[in-house]
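A structural walkthrough
Read off the chains here:
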Amino acid sequence: MQKGCPKCGRMIDENLTICPYCNYDFKEIDEFLKKVNHEKFTEEEKYAGFIKRLVAGMIDINAILIITYIIFLIIDKFLLNIEKTSILAIAPLFILLYIFLNAVMERTSWHASLGKHIVGIEVVDEYENPITFGEALLRNIAKFLNVLTLGIGFLICVAPPKQQTLSDKITNTYVLNKISFSEEKSHDYASLLKRLLSFIIDIIVIFVIVKITCYICDYIVGNIPVPDIIKDNKNKIKTILIIFISILYFPLYESKRGKTTGKKYLKIKMTDQEENTITFLKAFIREMLIIVDLMTFGFLLPFSSKKHQTLKDILTKTIVIDD
């Protein structure tokens, strides 16, 4: 039996793993075919669901808002004197950028906007081929029908099996979950319940630490001679300490053994993709990205991912696994 090489097109023995003519390595495609044969992908797994599309959309909106505001400031400073607080002045520029930039991105090799690429989904036509720039442009213009229908045009993407929005139906396009051709190491990912309970425990621990810290500050100021500047700024000092404790709690613990108090109690830990403990800097950046999670609803992504990753997990390439 023989098989064809996808690179040079020659027929070679099916047992060969590397093409003798062009040195093409069959490992990746063999692993992909093995994965497809052993995993039964349902229609629901094939098409991107509501949560992924919501988070991707929020990433795009926030990113384009930032770009819009920067351009707006440049125009206001060097070209025209525009009232900075005027929403009417910003809105048209935002709409044009949203349509054009998303259309350009969906025509690139990503086949997706920035938000879609980050969460691992892509836009295709009815034959699952990349869409043209014209189709991408029309699709992004049609998205405003989702808004004009009070969001119903977007909400209908919860309906199986193909989970299309109104704009998808109009342009006959689909949003699919991207399939990875590379073999990934198997992990025992922590359940959503464990992650939630560990977070609640950690919040309680932080609250206790904060209360003890505030009590110590009050005791020192009230019973030990300290400079007047410290007494006058006692509340500010307490506020700064509370901020430091809240920010550093997770990075300090997670950069040591990958476990906070809550994670240790629930027997889970946070690691990189190879189950190694991450550095303090990476843990700190991950913690700061909680703002992005909140702004984009990225904290909902674990409900639509087998890895149970939030957006900050995806951006920092970290996972939470059973210990």
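The structure under discussion appears in the preceding block.
These notes cover the structure that comes with them. (Residues numbered from 1 in each chain as written. Predicted model: local features only at pLDDT ≥ 70, side-chain atom pairs only at ≥ 80, totals over all residues. Heavy atoms only, no water.)

**Overview of the packing of helix H11 (residues 234-254) against helix H13 (residues 280-288)**
Across the interface, H11 lies against H13 with an axial gap of 8 Å and an inter-helix angle of 140 degrees. The angle between the axes of H11 and H13 places the two elements in the oblique class. Regarding H11 and H13, the two cross each other, and that crossing is right-handed. Contacts between H11 and H13 involve Ser246, Ile247, Leu248, Phe250, Pro251, Leu252 and Glu254 on the former and, on the latter, Phe280, Ala283, Phe284, Arg286, Glu287 and Met288. Of the residues in the contact of H11 with H13, the class split is nine nonpolar, one polar and three charged. (Axes fitted to C-alpha atoms, helices over the stretch in contact; angles between N-to-C directions. Helix = DSSP H or I, 4+ residues; strand = E, 2+ residues; numbered from the N terminus. Parallel < 35°, antiparallel > 145°, perpendicular 65-115°, else oblique. Left-handed = near helix turned anticlockwise from the far one by under 90°. Contact = heavy atoms within 4.5 Å. Nonpolar A, V, L, I, M, F, W, Y, C, P; charged D, E, K, R; others polar.)

**Section: the environment of Ser246**
Inspection of the secondary structure puts Ser246 in helix H11. Under the relative-accessibility criterion, Ser246 is labelled partly exposed at 30%. Ignoring sequence-local partners within four residues, the contact set of Ser246 consists of Ile206 and Glu287. At a separation of 2.8 Å, a polar atom in the side chain of Ser246 contacts the main-chain carbonyl oxygen of Ile242. (Buried < 20%, exposed > 50% of the residue type's maximum accessible area, 1.4 Å probe, protein only. Polar contact = N/O pair within 3.5 Å; in protein donor to acceptor, adjacent residues only side chain to side chain.)

**Here's the deal with helix H6 (residues 133-148)**
Helix length check: H6, at 16 residues, gives a terminal C-alpha distance of 24 Å against a target of 22 Å (1.5 Å per residue), a fit within 8%. Buried within H6 we find Ala136, Arg139, Asn140, Ala142, Lys143 and Asn146. Once H6 finishes, Leu150 follows within two positions and takes phi at roughly 60 degrees, a positive value. (Expected span 1.5 Å × (residues − 1).)

**Notes on the nonpolar core**
Formed by 14 residues in total, the largest nonpolar core has its most connected members in Val55, Ile59, Val119, Ile121, Val175, Leu301 and Leu311. Contributions of two or more residues to this core are made by helix H3 (50-79) and strand S3 (121-124). Leaving out residues up to four positions away in the same chain, Leu301 has contacts with Ile51, Lys52, Val55, Val119, Gln309, Thr310, Leu311 and Ile314. (Core = buried A, V, L, I, M, F, W, Y, C linked by side-chain atoms within 4.5 Å.)

**Here's the deal with the packing of helix H9 (residues 192-223) against H11**
The contact between H9 and H11 brings their axes to 10 Å, and the two run at 150 degrees. Compared by their axis directions, H9 and H11 come out roughly antiparallel. At the point where H9 passes H11, the crossing takes the right-handed sense. Counted together, Phe199, Asp202, Val205, Ile206, Ile209, Val210, Thr213, Cys214, Cys217, Asp218 and Val221 of H9 and Lys234, Lys238, Leu241, Ile242, Ile245, Ser246, Tyr249 and Phe250 of H11 form the full contact between these two elements. For the contact of H9 with H11, the residue count by class is 13 nonpolar, two polar and four charged.

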